[in-house]
Amino acid sequence: MADQFRDQINTARRAGYTDDQVIGYLKGKDPRITQALEAGYNPDEILQYLAPKLSMGEETTRKLGIAVRGATEALAPATAGATTGFMLGGPVGAGVGLLAGGLAVPASDVVVQGYNKLTNSNIRLPSQVISSMIPGPRAETPVERVVQSSTGALTGTAGSVAAGRAIVQAPNVVEGVKAIGTEAARRPVGQIVTAPLATAAGQTVTEVTGNPLAGFLTGVATGTAAGTRPVKRGEVPTIEELSARSKANYDVLDKSNFQLDNTQFTAHMGNLAGKLRSSAGFDPRIMPDVDAALAQLTSGNPKNIQELTTLRAIVGNAAKSTKPAERLAASQLLDEFDDYVMNAPPSAIVAADKKALVAWKEARADYSKMKKGEMISNILDNADVSQGSKEANIANQLSALAKNEKKMRFFSPEEQQAIRDAAKGGTLQSMLRTLSKFTPMTPAAAIFTAVNPLGAYTAAAGMTAKSLAETRRIQEVNRLANRMRLGEIPQVIESVSANQPVFFSRGVQNMLGPVQQNQNALRK
């Protein structure tokens, strides 16, 4: 009896009643309270004697009990549904029943609430009936209701995910039922982690504003937003994979004695020295690596696959020169070499059978993809070692590539347009670049930041815009490189909104309980 009396007093305290209000109520019920007051005891001393406040251990135990209540309230209908389903349909029925049981109580609450409002009735909600049957402490404060609601969301979501996985893994499942299980088990970790956090956010808004609808919308919106994921696209071959595929075809070509006509090859390469002199200022005295590469290209060695591979490596090494001018000339020479090899006319091919020609076509296709992927990826490599704005450097390289008619010949018309679009960047990219100029990295921007009353905010906005602009540019280049290596735009396997339906529905289901808890508390 004493424990019950203590619980009642502590419940009144948690409800916000002051000691004076509690004593004022009790003295009309028990004359001994009046006697204690007349004897000089103050309300705090009387209540401390009648109902000592909970110790830290007791408070922890209470919070734990509330969490267990939240979990139990979520599991009770789901367990009943799973049991019924198992009796009717075995393991698959248990999974379906668990999902149906978890939905039954929130849905029933909504129906009963609507009926009560329409008919001005006061029928108890199914959730209230279940809650009254569960022993243990009840949530009485905002913090306790947040604990109970988030625990219930965690348990209910984990149960739904487990049910979905059980349905998917069960043998001989009807396609429609399997589809339901697949959706329920989508992004399992994301659902389980998001559910308690989103529900806690929604319940907190409900408690602070006293508006269940605001809390409901907050919880659902938070959970749905958390379900957003980057677009998932099809696999794209790496440079290493393309190289391996090319090598396999080159092995076939090597065994077939495939060769390019040496006379045509050396004649073409012999004209490149003059081209490089006019376009890149080639001078053999100051560009020995390029001069040596040209000598190898015009040698009399048979131009079989092994020799072509060796020649490209020689030219590629020259393109890594530490001298900028020589590096430019060697890069142009490499482009000329690749252009000839990838687009060699049939008349330039000698000593090749039908199988070799097929392998040559496939090898050139992979070679072309690898080359184009390298050209795009090199933009990021160059930006990493450049000075100044990385975003601006990437934009300048894209523009330079788009204006380079010779290099653009490597790309299909669709790929050329994609490069031009990436170089332009779009309206959002332009806005971000403009805002990024407010980053206090220059003397003028630093002075503006110092004298402007909102300088700190301006600087923060500029730095954020700079980071976003750079990230978007890098993403654009990576998308271009992927497209070049695949030979087409990677197929979208999972869109950005693919997970939204299940996260939205879970958010609605989880928030119906917390909103109802707040309404129950207000009624009391």
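Residues numbered from 1 in each chain as written. Predicted model: local features only at pLDDT ≥ 70, side-chain atom pairs only at ≥ 80, totals over all residues. Heavy atoms only, no water.

S.K.: Looking at this structure, I do not really get the overall build of the protein chain. What am I missing?
M.R.: In terms of regular secondary structure, the protein chain is built from 24 helices and five strands. When the 524 residues of the protein chain are sorted by exposure, 40% land in the buried category. As displayed, the protein chain has an accessible area near 28,500 Å², and 60% of this comes from carbon and sulfur atoms. (Helix = DSSP H or I, 4+ residues; strand = E, 2+ residues; numbered from the N terminus. Buried < 20%, exposed > 50% of the residue type's maximum accessible area, 1.4 Å probe, protein only. Areas by Shrake-Rupley, 256 points an atom, 1.4 Å probe, with all protein chains shown as cover.)

S.K.: Looking at this model, I keep getting lost on the pattern of salt bridges. Mind explaining?
M.R.: Tallied over the entire structure, the rule returns 16 salt bridges. Note that Glu73 and Arg69 form a salt bridge whose closest N and O atoms lie 3.4 Å from each other. You can see Glu73 and its partner Arg69 sitting in helix α5 (residues 56-119), four residues apart, about one turn around the helix. The closest approach of N and O atoms between Arg409 and Asp339, which form a salt bridge, is 3.9 Å. Separated by 70 residues along the polypeptide, Arg409 in the loop between α19 (405-408) and α20 (413-424) and Asp339 in helix α16 (residues 324-342) bring together distant segments of the chain. (Salt bridge = Lys/Arg side-chain N within 4 Å of Asp/Glu carboxyl O.)

S.K.: Could you clarify how one ought to interpret α5 in this entry?
M.R.: Along an α-helix, a turn takes 3.6 residues, which lines up residues three or four apart on a common side. Helix length check: α5 (64 residues) gives 46 Å between terminal C-alpha atoms against 94 Å at 1.5 Å per residue, more than 12% under. The largest bend along α5 measures about 150° and falls at Gly89, with the proline Pro91 one to four residues further on. Asn120 sits one or two positions beyond α5 and adopts a positive phi of about 55°. (Expected span 1.5 Å × (residues − 1). Bend = angle between axes of the 7 residues up to and from the residue.)

S.K.: What is the right way to read empty space enclosed by the protein from this model?
M.R.: Where empty space is left can be seen by rolling a probe of water-molecule size over the atoms. Following the criterion strictly, the structure yields one cavity of 30 Å³ or more and no others. In this structure, the largest cavity encloses a volume near 90 Å³. What lines the largest cavity is a set of 13 residues, and nearest its centre among them are Ala195, Gly223, Phe503, Gly507 and Asn510. Secondary-structure elements contributing two or more residues to the lining of the largest cavity are α9 (188-209), α10 (212-226) and α24 (500-523). Among the elements that make up the lining of the largest cavity, the one with the highest residue count is α24 (six residues). Its residues assigned to classes, the lining of the largest cavity comprises five nonpolar, seven polar and one charged. (1 Å grid on protein atoms, 1.4 Å probe; cavity = no way out; pocket = protein on both sides within 12 Å on 5 of 7 lines; lining within 4 Å. Points joined across faces, edges and corners; volume = space filled by probe spheres on them. Nonpolar A, V, L, I, M, F, W, Y, C, P; charged D, E, K, R; others polar.)

S.K.: What's the story with the sheet that holds strand β2 (residues 259-260) in this structure? I'm lost.
M.R.: Paired through backbone hydrogen bonds, the strands of a sheet run either parallel or antiparallel to each other. On the basis of which strands lie adjacent, the open sheet formed by three strands has the order β3-β2-β4 and antiparallel pairing. Each having just a single partner strand, β3 (303-304) and β4 (349-350) make up the two edges of the open sheet. Pairing of β2 with β3, which is carried by two bridges, proceeds in the antiparallel orientation. Looking at β3, one finds that Gln259 is bridged to Asn304. (Pairing = 2+ DSSP bridges.)

S.K.: Could you clarify how one ought to interpret the environment of Gln21 in this entry?
M.R.: Topologically, Gln21 is positioned in helix α2 (residues 19-26). Along the chain, Gln21 and Pro43 lie 22 residues apart, while their C-alpha atoms are 9.2 Å from each other.

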